[in-house]
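Structural features, examined
Each chain, letter by letter, is given below.
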Amino acid sequence: MANAVLEMIDVTQVFGDKANPTYALRSVSLQVEQREVVIIMGPSGAGKSTMLSIAGGLLRPTAGRGVIDGTEITRLGDRALAAVRLRGIGFVFQDFNLLESLNVIQNLELVLARAGVRGRAATARAHEILRILGLEQRMDYRVGLLSGGERQRVAIARALCNNPTVIMADEPTASLDGKRGAEVMTMLRMIAHDMGKAVLMVSHDHRVLAYADRVVWLQDGLLENREPESMATIAAPQH
Ligand SMILES: Nc1ncnc2c1ncn2[C@@H]1O[C@H](COP(=O)(O)OP(=O)(O)OP(=O)(O)O)[C@@H](O)[C@H]1O
Ligand SMILES: [Mg+2]
């Protein structure tokens, strides 16, 4: 795949010991391209978060390989891996993981500082990202005063600060109502389609399917590719 910025190749993850193993992933392979929103769906315990942790270099798999931007992350030592994570990947979490007592700009500046960008350069970069995402009116607000939807959009802005290749999001809409969830998904799609990032996210929520370019279904650690249309009927709630 010419523009694959993220690859997982035959990844297996086993938790526990030999007497009582849990196969969280069984020889899973996935490629994600630039400008693509890929959503991993599947029931609780299917291995979705495990898959995202390995793809993002937060967890080393029992077997198999992971490649980000051409670098095989599964072979890197801890420091090199942390550097690839910092520059290559922006993480977004269900519960935002922002520092609530700091304001929006300060939350972004903290992440920029970790990549060595400080002072006026950091402030300028934070302004730029917040402007692109339409959040400039909130930049001096303390995060604790923002709504859930605003917090998640700030978390996405933070994830974009270091100009990563891939944005990874684990259940980014799970704490939000339908309207706020739709705003967050619209933003993630814009980041892929207009800003050229790859977006890999995990969700239980069938409402996010409309925003996917591709959906992969995970069950008992096994991966299956499906088209969003067919997924919609499978994932829709039963009445
Ligand atoms: N650190 C761990 N130690 C032991 N078992 C684990 C660990 N992390 C995950 N597991 C097990 O691996 C399997 C997959 O877990 P995972 O969290 O990836 O599922 P998930 O699809 O994200 O579920 P959910 O939708 O509930 O978040 C589960 O059986 C889980 O109990
Ligand atoms: Mg999970």
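So, here's what we can say about the structure. The residue numbering used here restarts from 1 in each chain and proceeds along that chain's sequence as written. Chains and ligands are labelled by the order in which they are written, letters from A for the one and numbers from 1 for the other. A pLDDT threshold of at least 70 governs which residues receive local features in this predicted model, and a stricter bar of 80 or more applies before side-chain atom pairs are shown or counted, although totals over entire chains, interfaces and linings include all residues. Derived side-chain values reflect all non-hydrogen atoms in the structure, with water molecules and hydrogen atoms excluded from consideration.

Under the 1.5 Å per step criterion, the end-to-end length of helix 6 (residues 178-193) is 22 Å for 16 residues, consistent within 8% with the ideal 22 Å. Of the residues making up helix 6, those classed as buried are G181, V184, M185, M187, L188, I191 and A192. In an axial view of helix 6, the angular spread of the buried residues amounts to 155°, which keeps them on one side of the axis. Here, two residues are considered to be in contact whenever any of their heavy atoms come within 4.5 Å of each other. Strands are runs of DSSP state E lasting at least 2 residues, helices are runs of H or I lasting at least 4, and numbering of each runs from the N terminus. Its buried side turned inward, helix 6 meets strand 3 (37-41), helix 5 (148-160), strand 7 (166-170) and strand 8 (198-203). Two to three positions downstream of the cap, the backbone nitrogen of K179 sits 3.2 Å from a side-chain oxygen, assigning the N-cap of helix 6 to D177. A helix is expected to reach a length of 1.5 Å times the quantity of its residues less one. Think of it in three bands: residues with accessible area under 20% of the maximum for their type are buried, residues over 50% are exposed, and the middle band is partly exposed, with areas taken using a 1.4 Å probe on protein chains only. Summarising the geometry, the arc corresponds to the directions from the helix axis toward the C-beta atoms. For this analysis, a polar contact is any N or O atom pair within 3.5 Å, provided that within protein one partner can donate a hydrogen and the other can accept it, and provided that sequence-adjacent residues contribute only side-chain to side-chain pairs.

Strands are treated as partners if at least two bridges between them are detected by DSSP. Read from one edge to the other, the open sheet built from four strands follows the order 2-1-4-5, with strand pairing classed as antiparallel. One side of each edge strand has no neighbouring strand; the edge strands of this open sheet are strand 2 (22-33) and strand 5 (71-72). Summarising the sheet, strand 1 (residues 4-15) and strand 4 (residues 63-68) pair through five bridges and their orientation is antiparallel. Residue pairing in the sheet places I9 in a bridge with R65 of strand 4. Helix axes are fitted only over the stretch in contact, all axes being lines through C-alpha atoms; the angle between N-to-C directions runs from 0 to 180 degrees. Its contacts with the sheet put helix 1 (residues 48-55) on strand 1, strand 2 and strand 4, and the angle it makes with strand 1 is roughly 125°.

Moving on, we get to unusual backbone geometry. The phi torsion at D10 lies on the positive side, around 50°, for a residue other than glycine. Mapped onto the secondary structure, D10 falls in strand 1. For D10, a relative accessible area of 43% puts it in the partly exposed group. Phi is positive for D220, which is not a glycine, with a value near 50°. Summarising the element assignment, D220 is placed in the loop between strand 9 (214-219) and strand 10 (222-226).

On to the pairing of strand 7. The buried fraction of strand 7 amounts to five of the five residues, a majority that puts the element mostly inside the structure. Inspection of the sheet shows strand 6 (residues 89-92) paired to strand 7 by four bridges, in the parallel sense. Note on strand 7: the bridge partner recorded for I89 is V166. As paired strands, strand 7 and strand 8 are joined by five bridges and run parallel to one another. Paired with D170 across the bridge in strand 8 is V202. Regarding the hand of the β-α-β motif, the stretch spanning strand 7, helix 6 and strand 8 is right-handed. Handedness is read with the strands pointing away from the viewer; a crossover is right-handed when the path from the first strand over the helix to the second is clockwise.

Below, the discussion takes up the layout of surface pockets. In this model, the largest pocket occupies a volume close to 400 Å³. Elements that contribute at least two residues to the lining of the largest pocket include exactly helix 2 (78-88), strand 6, helix 3 (104-114) and helix 5. Ranked by residue count, the leading element in the lining of the largest pocket is helix 3, at four residues. Three residue categories are used. Nonpolar comprises Ala, Val, Leu, Ile, Met, Phe, Trp, Tyr, Cys and Pro, charged comprises Asp, Glu, Lys and Arg, and polar comprises the others, including Gly. Its residues placed into classes, the lining of the largest pocket shows 12 nonpolar, four polar and three charged. Residues are called lining when one of their atoms sits within 4 Å of a cavity or pocket point, these points coming from a 1 Å grid over the protein atoms alone, where a cavity is a set in which a 1.4 Å probe fits but cannot get out and a pocket is an open set with protein on both sides within 12 Å along at least five of seven lines. Grid points are joined across faces, edges and corners, and a volume is the space filled by probe spheres set on the points.

To continue, consider the pairing of strand 8. Burial analysis of strand 8 places six of its six residues in the buried class, which makes it a mostly covered element. Because side chains alternate across strand 8, one face comprises the buried residues A198, L200 and V202, and the other comprises V199, M201 and S203, equally buried. Pairing analysis gives five bridges linking strand 3 to strand 8, with the strands arranged parallel. For M41, the partnering residue across the bridge sits in strand 8 and is S203.

Right, let's get into the packing of aromatic side chains. Each Phe, Tyr or Trp ring, with Trp reduced to its six-membered ring, pairs with another whose centre is within 6.5 Å; inter-plane angles below 30 degrees give stacked pairs, above 60 give edge-to-face pairs, and intermediate values give tilted ones. Under the counting rule described, the total for this entry stands at one aromatic pair. With a centroid separation of 6.3 Å and an interplanar angle of 15°, the aromatic rings of F91 and F93 are classed as stacked. In this structure, R138 packs its charged tip against the face of Y141, placed 4.7 Å from the ring centre. Whether a charge sits over a ring comes down to the Lys NZ or Arg CZ being within 6 Å of the ring centre and within 35 degrees of the ring normal.

Let us now look at the environment of D177. Structurally, the position occupied by D177 is in the loop between strand 7 and helix 6. Engagement of the side chain of D177 in a polar contact is seen with the backbone nitrogen of K179, the distance being 3.2 Å. Separated by 2.9 Å, the side chain of D177 and the backbone nitrogen of R180 make a polar contact.

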